[in-house]
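Next come the chains, spelled out residue by residue.
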Amino acid sequence: MMYQDLALYIDGEFVSGGGRREQDVINPATQEVLGKLPHATTADLDRALAAAQRAFESWKKTSPLERSGILRRVAELTRTRAREIGRDITLDQGKPLAEAIGEVTICAEHAEWHAEECRRIYGRVIPPRNPAVRQIVVREPIGVCAAFTPWNFPFNQAIRKIVAAIGAGCTLILKGPEDSPSAVVALARLFHDAGLPPGVLNIVWGVPGEISTYLIESPIVRKISFTGSVPVGKQLAALAGAHMKRVTMELGGHSPVIVFDDADIEPAAEMLARFKLRNAGQVCVSPTRFYVQEKAYDKFLARFTEVIGSIKVGNGLDDGTQMGPLAHERRIASMEQFLDNASQRGGKVVAGGSRIGDKGFFFAPTVVTELPDDSMLMTEEPFGPVAPVTRFKDTEEVLRRANSLPFGLASYVFTNSLKTAHQVSNGLEAGMVNINHFGMALSETPFGGIKDSGIGSEGGQETFDGYLVTKFITQV
Ligand code: NAD
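Because the structure is predicted, anything quoted here is derived from the model rather than measured.

Digging into the overall build of the protein
Consideration 1: Tallying secondary structure elements over the protein gives 13 helices and 24 strands in all.
Consideration 2: Expected size for 476 residues packed as a compact globule is a radius of gyration near 23 Å; at 23 Å, the protein falls within 12% of this value.
Consideration 3: The buried share among the 476 residues of the protein stands at 58%.
Consideration 4: With the model as given, the accessible surface of the protein reaches about 19100 Å², and the carbon-plus-sulfur share is 51%.

With respect to the sheet that holds strand 18 (residues 386-392)
Consideration 1: The seven strands are arranged 14-17-18-13-12-20-21 in an open sheet whose pairing can be described as mixed. The two strands at the open ends of the sheet, each matched to only one other strand, are strand 14 (348-351) and strand 21 (432-435). Ignoring strand direction, the axes of neighbouring strands in this sheet form an average angle of 25°.
Consideration 2: Note: strand 12 (residues 255-259) against strand 20 (residues 410-414), three bridges, orientation parallel. When the sheet's bridge partners are listed, Ile258 is paired in strand 20 with Val413.
Consideration 3: Sitting on the sheet, helix 12 (residues 395-402) touches strand 12, strand 13 (287-293) and strand 18, and the angle it makes with strand 18 is about 145°.

Notes on the nonpolar core
Consideration 1: Core analysis: the largest hydrophobic core is formed by 85 residues, its most contacted members being Phe148, Phe155, Phe191 and Val204.
Consideration 2: Here this core takes nine residues from helix 4 (residues 154-168), the largest share from any one element.

Overview of the pairing of strand 8 (residues 171-175)
Consideration 1: Judged by how many residues are buried, strand 8 sits mostly within the fold: five of five residues are covered.
Consideration 2: Because side chains alternate across strand 8, one face comprises the buried residues Thr171, Ile173 and Lys175, and the other comprises Leu172 and Leu174, equally buried.
Consideration 3: Pairing analysis gives five bridges linking strand 7 (residues 144-148) to strand 8, with the strands arranged parallel. Paired with Cys145 across the two strands is Leu172, which belongs to strand 8.
Consideration 4: Once you follow strand 7 into helix 4 and on to strand 8, the crossover reads as right-handed.
Consideration 5: As defined by bridge partners, strand 8 adjoins strand 9 (residues 201-204) across four bridges and the pair is classed as parallel. Directly across from Ile173, in strand 9, lies its bridge partner Asn202.
Consideration 6: In this fold, strand 8 hands off to helix 5 (residues 182-193), which returns the chain to strand 9; that crossover is right-handed.

A short note on helix 2 (residues 64-93)
Consideration 1: Over its 30 residues, helix 2 extends only 35 Å from the first C-alpha to the last, a length that falls short of the 44 Å expected when each residue adds 1.5 Å.
Consideration 2: Taking the largest bend as the criterion, helix 2 deviates by roughly 65°, centred on Arg81.
Consideration 3: Gly94, located one to two residues past helix 2, shows a positive phi value of around 105°.

Overview of the domain arrangement of the protein
The figure often quoted for interface size is the accessible area lost as the parts come together.
Consideration 1: Looking at the protein, the domain boundaries give domain 1 (8-251 + 452-475) and domain 2 (255-443).
Consideration 2: The gap between the C-alpha centroids of domain 1 and domain 2 is 31 Å.
Consideration 3: Between domain 1 and domain 2 the total buried area reaches about 2400 Å² when both faces are included, carbon and sulfur atoms providing 55% of it.
Consideration 4: With a closest N to O distance of 2.9 Å, Arg330 and Asp179 form a salt bridge.
Consideration 5: Our count for the contact surface shared by domain 1 and domain 2 stands at 14 residue pairs in polar contact (both at pLDDT 80 or more).
Consideration 6: Among the elements of the structure, helix 2 and helix 3 (97-117) are those that each provide at least two residues to the side of domain 1 that touches domain 2.
Consideration 7: Considering each element in turn, the side of domain 1 that touches domain 2 owes the most residues, five residues, to helix 3.

Details of the layout of surface pockets
Consideration 1: Reported here for the largest pocket is a volume of approximately 1000 Å³.
Consideration 2: Forming the boundary of the largest pocket are 43 residues, of which Trp151, Phe226, Gly228, Ser229 and Val232 lie nearest the centre.
Consideration 3: Counting residues per element, the ones that place at least two in the lining of the largest pocket are helix 6 (208-217), strand 10 (221-227), helix 7 (230-242) and helix 10 (329-344).
Consideration 4: Sort the elements by how many residues they give to the lining of the largest pocket and helix 7 lands first, with six residues.
Consideration 5: Looking at which domains feed residues into the lining of the largest pocket, each of domain 1 (8-251 + 452-475) and domain 2 (255-443) gives three or more.
Consideration 6: Each pocket or cavity is described by its volume, and for the second largest pocket that value is around 520 Å³.
Consideration 7: Lining the second largest pocket we find 25 residues, and of these Phe153, Asn156, Arg278, Met440 and Ala441 sit closest to its centre.

Calculation criteria
- Residues numbered from 1 in each chain as written.
- Predicted model: local features only at pLDDT ≥ 70, side-chain atom pairs only at ≥ 80, totals over all residues.
- Heavy atoms only, no water.
- Helix = DSSP H or I, 4+ residues; strand = E, 2+ residues; numbered from the N terminus.
- Rg over C-alpha atoms; globule rule 2.2 N^0.38 Å.
- Buried < 20%, exposed > 50% of the residue type's maximum accessible area, 1.4 Å probe, protein only.
- Areas by Shrake-Rupley, 256 points an atom, 1.4 Å probe, with all protein chains shown as cover.
- Pairing = 2+ DSSP bridges.
- Axes fitted to C-alpha atoms, helices over the stretch in contact; angles between N-to-C directions.
- Contact = heavy atoms within 4.5 Å.
- Core = buried A, V, L, I, M, F, W, Y, C linked by side-chain atoms within 4.5 Å.
- Right-handed = clockwise from strand over helix to strand, strands pointing away.
- Expected span 1.5 Å × (residues − 1).
- Bend = angle between axes of the 7 residues up to and from the residue.
- Domains from an automatic or database assignment.
- Buried area = accessible area lost by both parts, 1.4 Å probe.
- Salt bridge = Lys/Arg side-chain N within 4 Å of Asp/Glu carboxyl O.
- Polar contact = N/O pair within 3.5 Å; in protein donor to acceptor, adjacent residues only side chain to side chain.
- 1 Å grid on protein atoms, 1.4 Å probe; cavity = no way out; pocket = protein on both sides within 12 Å on 5 of 7 lines; lining within 4 Å.
- Points joined across faces, edges and corners; volume = space filled by probe spheres on them.

Here you go:
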């Protein structure tokens, strides 16, 4: 089957072969090898660093209008190529084709939003104490950035970092996900074909910890952006801190869903079941801890389990597939660990509960009830198609339980009471609160977590904050 040619992208050139170490890329639906991904050598990393440093000297001086023009061309090309890029994402990541094409198409909007916003990176004039003095604040690009992006939304997570960095006037070295690399190689081709000058964007691959350490420790790099798990995020932020480098961290969560008795129970259950299984639950904002108020519990559980059980699992390229395989074998092992712990802690599996077949990384959509709050599923992000459902009595109790974990990414509330909605949205410790709705990750809205879930936002008018430094100029 045709699949993207995989390569590094350094100083405007696609490079592969040359005796570099290579890694097999596996189709998670069939376990067939799709391609060979070249790993960057130390010389490749040095070349990428030098190219990004050299390109920064001219890129930081380009007008916002010029940067905007390139981002607009990227948006156009993204829409034109969405189908072929989406197909390759289904091949190496597993999600259903419609989800993969949707992921790419929506990213054209991220490029457009940054094309518009980068023309509004304003400074300000501060009224002086002495009329002979002029006081100006300007915002300048921070410099060369290093970014590390994951495999769950391989196109989306990478383009958000690229458009923010280059829109602000920075240059970038990005390491994408080795498990699902086609989307990031496709992105390099989009920016290359849109006329981005050599060195402004560089793509490298390799052993994640080795590459990130090398780049973060390099004096050339001024800013780090990472999307991934909390433990790795803490490790990278600590290293960045040791070298006094700015960070943006988009990390994991464990999103509480709170369904009150007065909500529209069955539509909420159905909507949540489908949302939960998007990308097989491998989504940082996936609803993952379900708290349902006592009177609504049975009705909610019945409809939720019914819809979860009706979802068609299969190869993402097959018509009618609603949920694909998990992205790699590590996720299967992780789901099995969660379910072993659930059975030890008295959990009751009311749907799914195990791997499907022995070819491909398929796992049955699963619902578990009767778990204590300190069980593994209630305290650690499952990052897969497993949903624990539990009961609660009143608002005060559910807020305490929802806020009891160190995470604070997304949260979901279902109620028809304005008073409850107000009280809970004020009380939840989360970067994003959704009430009777799922409306996150749009280009014009800020996306990010608090507590252990991260530092900084992507998207919205906050999007360039992490890529700019403030300079105060005073003169007579
Ligand atoms: P992982 O923590 O090993 O890796 C997550 C991502 O970080 C991968 O893309 C990986 O290549 C990268 N990574 C790992 N170590 C790194 C390092 N030292 N330097 C730079 N990058 C590094 O876990 P995994 O098995 O791939 O995924 C499972 C967990 O990761 C999930 O439980 C979830 O919490 C988290 N995750 C979160 C997101 C998100 O969107 N926030 C995305 C993917 C994975």
